[in-house]
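Chain by chain, the residues run as shown.
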Amino acid sequence: TSPEMWILGSSDFGAQVAAHFGMPSAFAWFFTAGAGGMEALRLYRDMYRPSERHPEPCPALCVWALAAETAEEAQRHFTSRARFRLFRDRGVFLPLEAPDVAAAYDYSAAEQARMDVFRRTAFVGTGASVAAQIKDLAQRTGAVEIAVVTWAFDEAARVKSYRLIAAAMASAP
């Protein structure tokens, strides 16, 4: 009845700690947009020391994802996250803003280009498209579990996103 203990890390250090103690390891893909994730998973598997409770490695990922009824609606809600991340990467920690406020900001060409990269690489779209991206990532990485976190300005959009992704994952083969 004790809770399952995991190591959540955003670098290869957390993966090495989990491997050393024979614990499940979850890589915080949502912190780094995957940067360093494949290397951390490789180190975890290569260095894994079996434990009584976990004789085999148990690699997992935690991803940021957002789904909506349409891809356009999902992208609109994603604007808040994209602006947050753009500034966070500069060391400026803004609160999540309403999508319309974030969209109204006068972005430079370089900022817009960076946000376009975020849009292309994020798990954002309909429930089915996000579920397909998550399944593809799981297959490419060999992750046995994937946790989803969604930060959205609108709580109703966040809750709906979880429902859409869950429904799409449940209906997937």
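Here, the structure is the one placed above.
This text gives an overview of the structure that appears in the document.

Definitions and cut-offs
Residues numbered from 1 in each chain as written. Predicted model: local features only at pLDDT ≥ 70, side-chain atom pairs only at ≥ 80, totals over all residues. Heavy atoms only, no water. Axes fitted to C-alpha atoms, helices over the stretch in contact; angles between N-to-C directions. Helix = DSSP H or I, 4+ residues; strand = E, 2+ residues; numbered from the N terminus. Left-handed = near helix turned anticlockwise from the far one by under 90°. Contact = heavy atoms within 4.5 Å. Nonpolar A, V, L, I, M, F, W, Y, C, P; charged D, E, K, R; others polar. Phe/Tyr/Trp six-rings, centres within 6.5 Å; stacked < 30°, edge-to-face > 60°. Buried < 20%, exposed > 50% of the residue type's maximum accessible area, 1.4 Å probe, protein only. Lys NZ or Arg CZ within 6 Å of the ring centre and 35° of its normal. Salt bridge = Lys/Arg side-chain N within 4 Å of Asp/Glu carboxyl O. Core = buried A, V, L, I, M, F, W, Y, C linked by side-chain atoms within 4.5 Å.

## Observations concerning the packing of helix α7 (residues 127–141) against helix α8 (residues 155–171)
Running from N to C, α7 and α8 cross one another at 65°; their axes reach a closest spacing of 8 Å. Of the two possible hands of crossing, α7 and α8 adopt the one that is right-handed. Seen from α7, the contacting residues are Gly-127, Ala-128, Val-130, Ala-131, Ile-134 and Lys-135; seen from α8, they are Leu-164, Ile-165, Ala-168 and Met-169. Residue composition of the contact of α7 with α8, grouped by class: eight nonpolar, one polar and one charged.

## Re the packing of aromatic side chains
Scanning the model with the defined rule gives eight aromatic pairs in all. Aromatic side chains Phe-27 and Trp-29 sit 6.1 Å apart centroid to centroid with 80° between the ring planes, which places their arrangement in the edge-to-face category. For Phe-27, a relative accessible area of 3% gives the class buried. Judged by its relative accessible area of 11%, Trp-29 falls in the buried class. Ring plane angle 80° and centroid distance 5.7 Å describe the contact between Phe-30 and Trp-151, whose orientation is recorded as edge-to-face. Taken as a pair, Phe-30 in helix α2 (residues 29–32) and Trp-151 in the loop between β5 (145–149) and α8 lie far apart in primary sequence, 121 residues in all. Overall, the relative accessible area of 11% leaves Phe-30 in the buried class. What links up through ring pairs into an aromatic cluster is the set Phe-30, Phe-31, Phe-84 and Trp-151. Over the ring of Tyr-105 we find Arg-83, and its NZ or CZ is 4.1 Å from the ring centre. Stacked on the ring of Phe-87, the Lys or Arg Arg-90 has its end atom at 4.8 Å from the ring centre.

## Description of the pattern of salt bridges
Tallied over the entire structure, the rule returns twelve salt bridges. Across the salt bridge formed by Asp-46 and Arg-42, the nearest N and O atoms sit 2.6 Å from each other. Taken together, the residues span about one helical turn, with Asp-46 and Arg-42 both in helix α3 (residues 37–47) at a distance of four residues. Of the residues examined, Asp-46 reaches a relative accessible area of 54% and is grouped as exposed. Notably, a salt bridge pairs Glu-69 with Lys-160, separated by 3.4 Å at the nearest N-O pair. Here the residue Glu-69 occupies a position in the loop between β3 (59–68) and α4 (71–88), and Lys-160 occupies one in helix α8, the gap between them amounting to 91 residues. A relative accessible area of 48% means that Glu-69 is categorised as partly exposed. One network of salt bridges, in which partners are shared, links Arg-85, Arg-88, Asp-89 and Arg-114.

## Describing the environment of Glu-52
Looking at the secondary structure, you find Glu-52 in the loop between α3 and β3. On a C-alpha basis, the gap between Glu-52 and Met-23 in space is 9.9 Å, while along the polypeptide they are 29 residues apart.

## Some points on the nonpolar core
Counting residues in each nonpolar core, the largest one holds 21 residues, and the members touching the most others are Trp-29, Tyr-44, Leu-61, Val-63, Phe-123, Val-130 and Ile-134. Broken down by secondary-structure element, the contributors of at least two residues to this core are α1 (12–21), α3, β3 and α7. For this core, the leading source of residues is β3, giving four residues. Setting aside its immediate chain neighbours within four residues, Trp-29 contacts Gly-34, Gly-37, Met-38, Leu-61, Cys-62, Val-63, Phe-123, Leu-137 and Thr-141. Counting residues in each nonpolar core, the second largest holds 19 residues, with Ala-28, Ala-74, Phe-78 and Ala-82 among its members.

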